[in-house]
Amino acid sequence: MIDLSLSGRNTDFTVLEMEAHTSGRPLSRKRRREGSNGDAEEGERPLKQKRSTMGLKDPAPYADQLESMEDKPYKRVSMEEAQRGTQPDRPVRVYADGIFDMFHSGHARALMQAKRLFPNTHLIVGVCSDELTHKLKGFTVMNEDERYDAVTHCRYVDEVVRNAPWTLTPEFLSKHRIDFVAHDDIPYSSAGSDDVYKHIKDAGMFAPTQRTEGISTSDVITRIVRDYDVYVRRNLQRGYTAKELNVSFINEKKYHLQERVDKVKQKVRDVEEKSKEFVQKVEEKSIDLIQKWEEKSREFIGNFLQMFGPEGALDVILCSIQKHMLKEGKGRMLQAISPRQSPSSSPTRERSPSPTFRLPFFNKTSPPSSPYSQHSRPGTQAISEDDDDDEEDDDDDDDDL
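Residues numbered from 1 in each chain as written. Predicted model: local features only at pLDDT ≥ 70, side-chain atom pairs only at ≥ 80, totals over all residues. Heavy atoms only, no water.

The next subject is a positive patch on the surface. Together, Lys-253, Arg-260, Lys-263 and Lys-267 make up a region of like positive charge exposed at the surface. Among the secondary structure elements, Lys-253 is positioned in helix H10 (residues 249-308). For Lys-253, a relative accessible area of 45% puts it in the partly exposed group. (Patch = residues over 30% accessible without salt bridge, like charges linked within 9 Å, V, L, I, M, F, W, Y side chains within 5 Å. Areas by Shrake-Rupley, 256 points an atom, 1.4 Å probe, with all protein chains shown as cover. Salt bridge = Lys/Arg side-chain N within 4 Å of Asp/Glu carboxyl O. Lys, Arg positive; Asp, Glu negative; His and termini not counted. Charge placed at Lys NZ, Arg CZ, Asp CG, Glu CD. Helix = DSSP H or I, 4+ residues; strand = E, 2+ residues; numbered from the N terminus. Buried < 20%, exposed > 50% of the residue type's maximum accessible area, 1.4 Å probe, protein only.)

Right, let's talk about the confidence of the model for the protein chain for a bit. In the predicted model, the protein chain carries a mean pLDDT of 77, and 71% of its residues have values of at least 70. Segment residues 1-40: pLDDT under 50, and 71 contacts once partners within four positions in sequence are set aside and those in other chains are kept. Predicted confidence is poor over residues 369-385, with pLDDT under 50, and the contacts of this stretch with residues over four places away or in other chains come to two contacts. (pLDDT = per-residue confidence, 0-100. Contact = heavy atoms within 4.5 Å.)

On to the pattern of salt bridges, then. Per the counting criterion, the structure on display carries twelve salt bridges. For Arg-93, the salt bridge goes to Glu-159, with nearest N and O atoms at 3.6 Å. One end of the pair, Arg-93, is in strand S1 (residues 92-98); the other, Glu-159, is in strand S3 (residues 159-162), with 66 residues separating them in the sequence. Both residues of the pair, Arg-93 and Glu-159, belong to the buried class. Of the charged contacts in the structure, one is a salt bridge between Glu-259 and Arg-233, with a shortest N-O distance of 3.3 Å. Note that Glu-259 is positioned in helix H10 and Arg-233 in helix H9 (residues 228-237), a separation of 26 residues in sequence. You can call Glu-259 buried: its relative accessible area is 17%. On the basis of relative accessible area, Arg-233 is assigned to the buried category, the value being 16%.

Laid out in structure tokens, this is it:
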């Protein structure tokens, strides 16, 4: 047996969790308000929530699969009692209806608001059939079975009513024990009425919700129609035939040709991007080379100036060599022009004997041959002594030089 109060699907929800997730009155964090750029306003930092497993395992059941409640007394809950909170076995039964074609986030947000109207809510969702929808609103993209199934898999839904009526009657409200009807408060004119929810509002059973701007079934269809060629080519690429897409033979060839042209354009764009990247890399490398060349040239010029500049190392060496040569030359010049000193004036100076060439017969050390020989040649000894003096004088001059 299925519990109608909670439907076995929402036991993980608490009052605090539902209030914390309510779009109108958040508790744990501020509501994100998007500006023109889609960013949160300054000073609003959303708080992170704790991890928890709140997913549901089973889809919502259909109303005709549940036990009938017609044998139970029907007593509505007032707005004050609903807002204050009811007993767990008596949830507030809220009804929301619609077409729910191409079920999207706008539908889910509307059902979320309906589910969170009260602390203890049992949400019943009515989905109109194809026959009624095509008659009063227009053709749908999804058939009724697909729309029924899509709504049952929404996490906020507790019960789904198939083939829901276009206008709510007292009998329908009593049959499903409905306390409140949730819908946006914009008047919904249809079926010859200015507002099909006017009698609900007059009875005090209406609970307004807010529409999600920028998303609706009509908006989604408009996007597809506006970019029809794009989506036809997309499906042709994915294997759909022209017959399945209701496309003529000529248009099919046109789309294939456009696809080839787009591929060529994409290749050209890729080549251009790669060439731009290559040129950019070459420019970066050339800039690096120029910078390195400038650094090396500065270093070379600095080393050159350090070596050959006015105060360079080579100049210092040349100056020191020049000074040494001038000093040495000056010393030689002074030595050359200074007067020669006599041997007697410098007794401390010892004159080294100059090597002289002596003939064997002029050698002083040769033993005297005989007295006769000395007397027989009186001029020989005198000449040798004079020669010795002259040679000694010549040696002295050489030493001075």
